[in-house]
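# Survey of secondary and tertiary structure
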Amino acid sequence: MKPEIAVIRIKNLRLRTFIGIKDDETQNKQDVLINAEIHYCAEKARNSDNMDDALNYRTITKKIIALVEHNRFFLLEHLTGQVLDITREHDWVDFAKVEIDKPHALRFADSVSMELSYHKNSD
């Protein structure tokens, strides 16, 4: 029997952080927009209705907020990688994907984004 896969999506988490290499970027916080997707087997949680059998998306989100708001990043790749590490840290996670947008990073563009993903079988 195929396990039941749950997909947690954290959508449009709006935070502020220091991101970039230009003087104004290192001196002023900027907005970032975070989207994360986390896949895990939810069969136990579905059948038990017990929080101990599920991933706690609130706990994951609080860790992301603390990381982003209390650190400085030069590269969008590094920030995205750090957030991805949080989303995949639980043993139950089979797949995770994070996309972070940096609004107004380029003239004439709404944003620049970076996406990284993790597949458990590809470690």
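Given the structure is predicted, the values throughout are model-derived calculations rather than measurements.

A word on the sheet that holds strand E1 (residues 5–19). Spatially, five strands are ordered E3-E1-E2-E4-E5 in an open sheet, and the strand pairing comes out mixed. The open sheet has two edge strands with one neighbour each: strand E3 (72–73) and strand E5 (111–119). Where strand E4 (residues 93–103) lies against E5, nine bridges are found, and the strand directions are antiparallel. Residue pairing for E5: Lys102 is matched across the bridge by Val112. Taken strand by strand, helix H3 (residues 57–69) contacts E1, strand E2 (30–41) and E3, and its axis lies near 20° from that of E1. Where helix H4 (residues 76–87) meets the sheet, it contacts E1, E2, E3, E4 and E5, and its direction lies at approximately 145° from that of E4.

The next thing to look at is the UniProt feature "domain: Dihydroneopterin aldolase/epimerase" (unreviewed entry) in the protein. Under the UniProt annotation, "domain: Dihydroneopterin aldolase/epimerase" (unreviewed entry) lies at residues 8–118. Between the C-alpha atoms that bound residues 8–118 there is a distance of 14 Å. The span itself is 32% helix and 41% strand.

Reading the values: rules and limits
Residues numbered from 1 in each chain as written. Predicted model: local features only at pLDDT ≥ 70, side-chain atom pairs only at ≥ 80, totals over all residues. Heavy atoms only, no water. Pairing = 2+ DSSP bridges. Helix = DSSP H or I, 4+ residues; strand = E, 2+ residues; numbered from the N terminus. Contact = heavy atoms within 4.5 Å. Axes fitted to C-alpha atoms, helices over the stretch in contact; angles between N-to-C directions. UniProt positions renumbered as here; feature names shortened; annotations may be inferred.

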